[in-house]
Amino acid sequence: MYELFFHLVFKRMDPERAHHMAVRWIRLTARVPVLRTFVAAFFAPRHKELRTEALGLRFHSPFGLAAGFDKNAVAIDGMAMLGFDHVEIGTVTGEPQPGNPKKRLFRLLPDRALINRMGFNNEGSAAVAERLHARVPVFRTVVGVNIGKTKAVPEADAAADYVKSTERLARHADYLVVNVSSPNTPGLRNLQATESLRPLLTAVRAAADRTVTDRRVPLLVKIAPDLADEDVDAVADLAVELGLDGIIATNTTIAREGLGLTSDPAVVKETGGLSGAPLKARSLEVLRRLYARVGDRLVLVGVGGIEDAEDAWQRILAGATLVQGYSAFIYEGPGYARAVHQGLAARLKASPYATLADAVGADTRKATA
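Everything in this summary refers to the structure shown in the same document. For every chain, the first residue of the written sequence is number 1, and numbering continues from 1 onward in sequence order. Per-residue local features are limited, in this predicted model, to residues with pLDDT of at least 70; the limit for side-chain atom pairs, both in listing and counting, is 80 or more; totals at the level of whole chains, interfaces and linings are taken over all residues. Only hydrogens and water are set aside when side-chain values are computed; all heavy atoms of the structure are taken into account.

Some points on the nonpolar core
And then number 1: Judged by nonpolar contacts, the single largest core of 97 residues is most densely connected at M79, F84, I89, Y162, V178, I247 and L290.
And then number 2: In this structure M79 touches I26, L65, F69, F84, V87 and F329, once residues within four positions along its chain are discounted. In this text, buried Ala, Val, Leu, Ile, Met, Phe, Trp, Tyr and Cys residues form a nonpolar core when linked through side-chain atoms within 4.5 Å. Burial classes: relative accessible area under 20% of the type maximum marks a residue as buried, over 50% as exposed, and values in between as partly exposed (1.4 Å probe, protein chains only). Here a residue-residue contact requires only that any non-hydrogen atoms of the pair lie within 4.5 Å.

Spelled out as structure tokens, the structure:
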């Protein structure tokens, strides 16, 4: 039914307009007590065997919503209602900003992919912090907060901008993510270089610790798939050295060549970050490399091209404790998370592993033994 609806309605609409319409419908549904209960019963059934512990937190399952869908923390309960067992909001910047000029979101239908150059459009860390403070949760779900650099802030002042967001948002975050890997903010990816990343992460960690004194807020960094292998290794080593809690691999890619794209060349050449199915192979490769480097010293989060349960299962076997999706939700619709959960439960049952924790990194360990 959703596939038919997508082709009859959403496919004919501007992608960004369709996104906002979908978010409104999800929010409205989540506000109606009886309706949201029935929706959650169908789309978000629990599978005890998928319970996961990571980052000092308990998750109903390892599968959650990647940053980018809910930039302003307006649809957390709605996405939990649809089965996402953690919701990463953002990217949130220190100051509000409109993002890049429209049109800035493009569908690559034959490739089941998206290109976006949104530019961190969001209401800013003060407004999002106020919304999170006022939120009365309807569904228990882990909330991650993804923070980035305000476009107008010079690269030299980036750390102070991230600290501002941290001081406002850390107390409302179950975990915090430093995003230095979006291709849509000029100079942002330069911050992935270890000489820039070290002081930035150190400053954010210190800000989180002095802001939230009754618990330790887990801190992760999100990296790009376009990093050279030696730079992936360097970030992994730095994360271990600084005592970070995890790495999210990966963000969108600026690559186009070698991905087998079959969509309209005029759309393919649009600038911005490519997400979805074409990102799958490189994201998985980066994840395997990270796990081979850090093992279980860090929590790895696999994201990029997660279309179905098999993709999620392969990320777990490669080393991901948690897995996230976003682009496939656009194409699969509200049953996306439910299908992933059912498929993961079936694969775990058919595997030689007693628990999901036993499966994490199993294939990578075999390959490097």
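The structure having been displayed, the exposition proceeds.
So, the packing of aromatic side chains
And then number 1: Centre distance within 6.5 Å is the pairing criterion for rings of Phe, Tyr and Trp, where only the six-membered ring of Trp is used; planes under 30 degrees apart are then read as stacked, over 60 as edge-to-face, and the remainder as tilted. Evaluation of the coordinates by the stated rule reveals 12 aromatic pairs.
And then number 2: Where F5 meets F10, the ring centres are 5.2 Å apart and the plane angle is 80 degrees; that geometry is what we call edge-to-face.
And then number 3: An aromatic cluster of at least three residues, connected via ring pairs, comprises F63, F69, F84, Y326, F329 and Y336.
And then number 4: The ring of F42 is capped by R338, whose NZ or CZ atom sits 4.2 Å from the centre of that ring. Over a ring means this: the NZ of a Lys or the CZ of an Arg is within 6 Å of the ring centre and within 35 degrees of the ring normal.

Here's the deal with a nonpolar patch on the surface
And then number 1: Residues F5, W25 and L28 make up a contiguous nonpolar surface patch of about 290 Å² in total accessible area.
And then number 2: Strands here mean DSSP runs of E at least two residues long; helices mean DSSP runs of H or I at least four residues long; both are numbered from the N terminus. By the element assignment, L28 lies in helix α2 (residues 15-30). Patches draw on residues past 30% relative accessible area with no salt bridge. Two like charges within 9 Å are joined, as are two nonpolar side chains (Val, Leu, Ile, Met, Phe, Trp, Tyr) within 5 Å. Note on areas: Shrake-Rupley with a 1.4 Å probe; residue coverage comes only from the protein chains shown. Each salt bridge in this description consists of a side-chain nitrogen of Lys or Arg and a carboxyl oxygen of Asp or Glu lying within 4 Å of one another.

Looking at the side chain of T91
And then number 1: Its location among the elements puts T91 in strand β4 (residues 86-93).
And then number 2: Polar side-chain contacts of T91 include one of 2.7 Å to the side chain of N146.
And then number 3: Side-chain polar atoms of T91 contact the side chain of N179, separated by 3.0 Å.
And then number 4: Leaving out residues up to four positions away in the same chain, T91 has contacts with G68, K71, F120, N122, N146, I147, G148 and N179. Contacts described as polar in this section are N or O atom pairs within 3.5 Å, which, within protein, must combine one atom able to donate a hydrogen with one able to accept it, while residues neighboring in sequence count only if both atoms come from side chains.

So, the environment of V136
And then number 1: Here V136 is to be found in the loop between α5 (125-134) and β7 (142-148).
And then number 2: Sequence-wise, V136 and D77 are 59 residues apart; in three dimensions their C-alpha atoms are separated by 9.5 Å.

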